[in-house]
Amino acid sequence: EDQVTQSPEALRLQEGESSSLNCSYTVSGLRGLFWYRQDPGKGPEFLFTLYSAGEEKEKERLKATLTKKESFLHITAPKPEDSATYLCAVQAVAGNQFYFGTGTSLTVIP
Amino acid sequence: DAMVIQNPRYQVTQFGKPVTLSCSQTLNHNVMYWYQQKSSQAPKLLFHYYDKDFNNEADTPDNFQSRRPNTSFCFLDIRSPGLGDAAMYLCATSRIISGPFPNEQFFGPGTRLTVL
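Residues numbered from 1 in each chain as written. Chains lettered and ligands numbered in written order. Predicted model: local features only at pLDDT ≥ 70, side-chain atom pairs only at ≥ 80, totals over all residues. Heavy atoms only, no water.

Caption draft 1: Layout of the overall build of chain B. For chain B, the count of helices and strands is zero helices and eleven strands. Taken from N to C terminus, the helices and strands of chain B fall in the order β-β-β-β-β-β-β-β-β-β-β. Taken over the C-alpha trace, chain B has a radius of gyration of 14 Å; the compact-globule value for 116 residues is 13 Å, and the two agree within 12%. Here chain B carries 10 positive and 9 negative side-chain charges, and the mean point of each set is 7 Å from the other. (Helix = DSSP H or I, 4+ residues; strand = E, 2+ residues; numbered from the N terminus. Rg over C-alpha atoms; globule rule 2.2 N^0.38 Å. Lys, Arg positive; Asp, Glu negative; His and termini not counted. Charge placed at Lys NZ, Arg CZ, Asp CG, Glu CD.)

Right under this line is the structure:
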């Protein structure tokens, strides 16, 4: 069964304190892995697409990496405006569905 | 800017009173999705349209229906809302093409449904 697990559920960081969020997945043939940012009361905002092991993508203070079983979202020197829930989703080779994890709620304290 | 638009942003209905949520897109994507998201939970796929083909998830209650009259618009109908249907409803689109490469999915801002 296709499955996505994110950890930790919640993370509190001091401003400037770098850390990583984890997304582990089990899917019968990975077509793509996606990271989203979701602010309270809003729809998820697309951040990155990864689809081959070893791939890395960067955007400002965020860097996403992919292995055959998991992905990491590294946050370097976070700022309070990075506070949000970060969602991971996978798309299998077969089918049009996307499978989501429950997210990591990140709080960055000034 | 190309985008996914949902209306209304907030909807209040009474227990058992039918409600319709709408979604439109200017991305010309061939697939449109409806998700239900409750607090601190992952978005839960209700159904999706691949072009005109409707695909229902096995555990989506019969109370939820959908219509896609054309490429740009998709509607979510809740025939008899219960208290448990209070949630954020998210519409998303994707351009699915055959082949091994991933297809990004883009979301609208969501409709927050309250059931009294």
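Caption draft 2: Looking closely at the environment of L90 of chain B. Position of L90 of chain B relative to the elements: it lies in strand β9 (residues 87–94). Put simply, L90 of chain B and C23 of chain B are 67 residues apart on the chain and 8.9 Å apart in space, counted from C-alpha to C-alpha.

Caption draft 3: Up close: the nonpolar core. Core analysis: the largest hydrophobic core is formed by 24 residues, its most contacted members being L33, W35, L73 and Y86 of chain A. Within the residue set of this core, elements represented by two or more residues are β2 (10–14), β3 (19–26), β4 (30–38), β5 (45–50), β7 (62–66), β8 (70–75), β9 (84–92) and β11 (104–109) of chain A. When residues of this core are assigned to their parent elements, the largest contribution, five residues, is made by β9 of chain A. Of all hydrophobic cores here, the second largest spans 18 residues; its members include F47, I78, L113 and V115 of chain B. (Core = buried A, V, L, I, M, F, W, Y, C linked by side-chain atoms within 4.5 Å. Buried < 20%, exposed > 50% of the residue type's maximum accessible area, 1.4 Å probe, protein only.)

Caption draft 4: Quick look at the packing of aromatic side chains. Residue and element names in this part refer to chain A. In the structure shown here, the tally under the stated rule is 15 aromatic pairs over all chains. When the ring of F34 is compared with that of F98, the centres are 5.4 Å apart and the planes differ by 55 degrees; the resulting orientation is tilted. On the criterion of sequence distance, the pair formed by F34 in strand β4 and F98 in strand β10 (residues 98–100) is long-range, its members being 64 residues apart. Across the pair, F98 and F34 agree in class, each one buried. (Phe/Tyr/Trp six-rings, centres within 6.5 Å; stacked < 30°, edge-to-face > 60°.)

Caption draft 5: Representation of the state of the cysteines in the model. In total, this model carries two disulfides over all chains according to the counting rule given. Note on cysteine connectivity: C23 of chain A is disulfide-linked to C88 of chain A, with sulfurs 1.9 Å apart. The chirality of the disulfide connecting C23 of chain A with C88 of chain A is left-handed, given an S-S dihedral of about -60 degrees. Taken together, the residues C23 of chain A in strand β3 and C88 of chain A in strand β9 connect sequence positions 65 residues apart. Per residue, the accessibility class of C23 of chain A equals that of C88 of chain A, and both read buried. A disulfide-free cysteine, C74 of chain B has its sulfur positioned 6.1 Å from the sulfur of C91 of chain B, the nearest such atom. Accessibility expressed as a relative area gives 0% for C74 of chain B, which makes it buried. (Disulfide = S-S within 2.5 Å.)

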